[in-house]
2 protein chains.
Amino acid sequence: MQSSMSRALRCVSRRAGVAVHTQATRRTLSFSTPSSASAVILNSTRRQYATSAPDPATLPGLDASKLKVTLNEKRSTPPPSSELKFGSTFTDHMLTVKWTSETGWGDPQIQPFGDLPMHPGAMVLHYALTAFEGMKAYGDPSGRVTLFRPDKNMERLNRSVARVTLPTFDGGELIKLIKELVKLDAHWIPTEPGHSLYVRPIMLGTQPTLYVGPTNEALLYVVCSPVGPYYKTAIKPVALLGTDKYIRAAPGGTGGYKVAVNYAPAVVPQMEAEAAGYDQNLWLFGPEYQLTEVGSMNLFLVLRTKDGATELVTPALGDLILPGVTRDSILAIARGHASGKAPIDGLPKDLVVSERKIDMAEVKQAASEGRLLEVFGAGTAAIVSPVDRIGWEGKDIMIPCGEDGAGPVTKTMLREIVGRQYGRIPSEWCVVVKEGEA
Amino acid sequence: MQSSMSRALRCVSRRAGVAVHTQATRRTLSFSTPSSASAVILNSTRRQYATSAPDPATLPGLDASKLKVTLNEKRSTPPPSSELKFGSTFTDHMLTVKWTSETGWGDPQIQPFGDLPMHPGAMVLHYALTAFEGMKAYGDPSGRVTLFRPDKNMERLNRSVARVTLPTFDGGELIKLIKELVKLDAHWIPTEPGHSLYVRPIMLGTQPTLYVGPTNEALLYVVCSPVGPYYKTAIKPVALLGTDKYIRAAPGGTGGYKVAVNYAPAVVPQMEAEAAGYDQNLWLFGPEYQLTEVGSMNLFLVLRTKDGATELVTPALGDLILPGVTRDSILAIARGHASGKAPIDGLPKDLVVSERKIDMAEVKQAASEGRLLEVFGAGTAAIVSPVDRIGWEGKDIMIPCGEDGAGPVTKTMLREIVGRQYGRIPSEWCVVVKEGEA
């Protein structure tokens, strides 16, 4: 495909508006940055290009005060909560904001949910220039609505979009807009225990060209989908298939970003794991079969160390690991407990928290010595998902889950995270969208 | 995200129509199959699922005889050929065909080019379930129109779509449909030397769900874009930046398939290469800095061996290398020459053809000994693209390109491929869409 310096210069100088937002983006990089820190480099590359471009400060940034609302006159009735299927029901409204490299961010629109007109040559369709977030709004019977650490989602989305040449934006403005959307469709939030409104911000590169390069047009939008609890009744442990035939991520790739390209390649491995009698892939990497993630969740293990302490282990961030919000929250709670500053009932007194490499040889040895106490996945959808079995080398490594379906650390983390999500446990992480009626 | 065996079984049994086409797909796998051969495994997984499903033979396959044509009443005037910009002008018509797991392939439609209605939850937007092809239709002033090895594109598209859970199809039927589309818009094909009509078949997973799994709905479509020659005037060699900070592909990944997920991650590295004064990335892999591809082209090198022969080297197929149609054609021409069965004027008599690993240490050594004769990229857009410089470890490795901008093997291959594309050199590779007027 065609490529030349002049073409690149033209593209980038046209879209120099990006530079307006680089400072905000760079600030966020202190949060869980993969070692490659490619967002920093991208921004520095952009600044380099931008020296010959018009002043980027003249292009408008994302501005929630410019919101225009068009109400849906054909509102739907939310289905009964018992009939919800993950991600297939959408609320009455959606938020859309257009961006071009010539004009910057346009006026945000809340409008009736409906089809997007899509040029058949839009870059997102051909080259997957797209990144997204997964977050939830939580409701209770009083009508109170909360979000959980939305700033973390905004930070990560800014990192992700930059990795695929999409424009960055002011995360605080997008949170304001999401609050407006959630308030408008608040009656769609199921209030049964464990239910919530899944909120999906996403940005697409929409320039209509078959040329492979940075996009000059983008669409940011947010849709909402009411969802039931991950576990309909009791917690049910899942079985993982140790997977080394396929990879989820590799050094120099995009595994540390929430971009669409990480997902399509994972569906066939998931189908194969299910055909083999397992629920999810345990993604292994390299000649030492390093453990990385579980399906589309971060991975945690609880080990008894050789000197008798209890170690909570999760793989360190980097190109192989998505910086998950639930992951970060679990680590913060565990470290607060371990340091003695914020002790948590149910966590072991001698807890040690480690972000480090762990490979299958260590897991096998710990299991054979009775030191593999718990394994769980962590993510926005399931919160925590206990594991009772890992298929590896034709055998199953068994993990005790007890009568409750989850070990004590797993169960405690579930309780502590859920409590903060709904605001029952006070924390700075809970952001109120709307107060309930007394 | 949610996942369970029962959900997967339901998904796959619903879309058992796929199995109708597996035989055709499997037959094609003898062409340039990456070692992982995951398409075979996917089909076998599908058959495994399908045992409990209704007879897939009852679902309709892709059928060109069911084509419906709606003419565009607002036709555009093709722009002057001198003003064409790669991939940004589209012809008056496009081909679309819908598929669902319940109903199989629908009736193909040729219709006025225009926006596609896209559900905001369509899987392609969130998880990049999409694969495509790049091919060209060639015209001459008599009105004759040809395609080049379209069967190869169909084989590869069938492999690519299966890798991202999209339905396979009868490639012969799609070629018939593409011929109809190209005939209808034949006046859009620029006939100046080196010009052509770029034809882009693409398939999207369109099921509206935020669930990560195989799609139950898909859209196959084809758009056409008139394009100028890659080199506007004389051949101009390009400079490559040896790139090890980012990867294009990795073992266990999708580098051997033409899927959208390979492209988005490559744009930032391309911008960085351009900012450093190079044209394209030379994608290196692993601790030995193995050479893999050039930008989005396959890579060829011409070396003088230590015993004085001339070796044409390209990296062997596998997870790191896309099985390119131009790559395959160059190898076939070179092997025909080397075997003495089809000697080519301009190729060295002592030519040896190798598909093998080659790393930067070997390239550096060959260059320092004056044995690195030529380097070129090969792909549908540029055909061949000579390289005169490789940036590596802060220095430039220079490659002689002579006064013509390309060495003898590069120039000869360009002539031989172009001759077959337009049918001036008779071959089975040239497929006539429409005869010219005498």
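Residues numbered from 1 in each chain as written. Chains lettered and ligands numbered in written order. Predicted model: local features only at pLDDT ≥ 70, side-chain atom pairs only at ≥ 80, totals over all residues. Heavy atoms only, no water.

- With an unreviewed UniProt entry as reference, chain A is termed Branched-chain-amino-acid aminotransferase, source organism Calocera viscosa.
- Under the UniProt heading Cofactor (unreviewed entry), the note attached to chain A is "pyridoxal 5'-phosphate". (UniProt positions renumbered as here; feature names shortened; annotations may be inferred.)

## Digging into the UniProt feature "modified residue: N6-(pyridoxal phosphate)lysine" (unreviewed entry) in chain A
- In the numbering used here, UniProt assigns the feature "modified residue: N6-(pyridoxal phosphate)lysine" (unreviewed entry) to A:Lys258.
- Considering the arrangement of structural elements, one finds A:Lys258 in the loop between β11 (238-243) and α7 (267-275). (Helix = DSSP H or I, 4+ residues; strand = E, 2+ residues; numbered from the N terminus.)

## Section: the packing of aromatic side chains
- Applying the stated criterion across every chain yields a total of 18 aromatic pairs over all chains.
- A centroid spacing of 5.2 Å and a plane angle of 10° characterise the contact between B:Phe300 and B:Phe376, whose relative ring orientation is stacked. Taken as a pair, B:Phe300 in strand β14 (residues 297-304) and B:Phe376 in strand β17 (residues 372-379) lie far apart in primary sequence, 76 residues in all. The pair formed by B:Phe300 and B:Phe376 is uniform in burial state, with each residue classed as buried.
- Among the aromatic residues, ring-to-ring pairing joins A:Tyr127, B:Phe132 and B:Tyr263 into one connected group. (Phe/Tyr/Trp six-rings, centres within 6.5 Å; stacked < 30°, edge-to-face > 60°. Buried < 20%, exposed > 50% of the residue type's maximum accessible area, 1.4 Å probe, protein only.)

## Structural notes on the side chain of B:Thr310
All names here are of chain B.
- With respect to the helices, strands and loops of the structure, Thr310 is situated in strand β15 (residues 310-314).
- Engagement of the side chain of Thr310 in a polar contact is seen with the side chain of Asp350, the distance being 3.2 Å.
- Residues within four places of Thr310 in sequence aside, it is in contact with Val302, Leu303, Pro348, Asp350, Leu351, Val352 and Leu373. (Polar contact = N/O pair within 3.5 Å; in protein donor to acceptor, adjacent residues only side chain to side chain. Contact = heavy atoms within 4.5 Å.)

## A short note on the pairing of strand β8 (residues 145-148) of chain A
Residues and elements named next belong to chain A.
- A two-sided burial pattern is seen for β8, the buried positions comprising Val145 and Leu147 on one face and Thr146 and Phe148 on the other.
- Relative to β8, strand β7 (residues 135-139) runs antiparallel, the two sharing 3 bridges. From the neighbouring strand, Ala137 faces β8, where its bridge partner is Leu147.
- Between β7 and β8, which pair antiparallel in sequence order, lie 5 residues; one of them, Gly143, sits at a positive phi of approximately 100°. (Pairing = 2+ DSSP bridges.)

## A few points about the relation of the copies chain B and chain A
- Here chain B sits on chain A after a turn of 180° about the axis and a move of 0.0 Å along it, with an RMSD of 0.0 Å. Such a turn and shift between the copies fits a two-fold axis.
- When the interface residues of chain B are mapped onto chain A, 100% of them again lie at the interface, so the same face is used by both copies. (Least-squares fit on C-alpha atoms with pLDDT ≥ 70 in both.)

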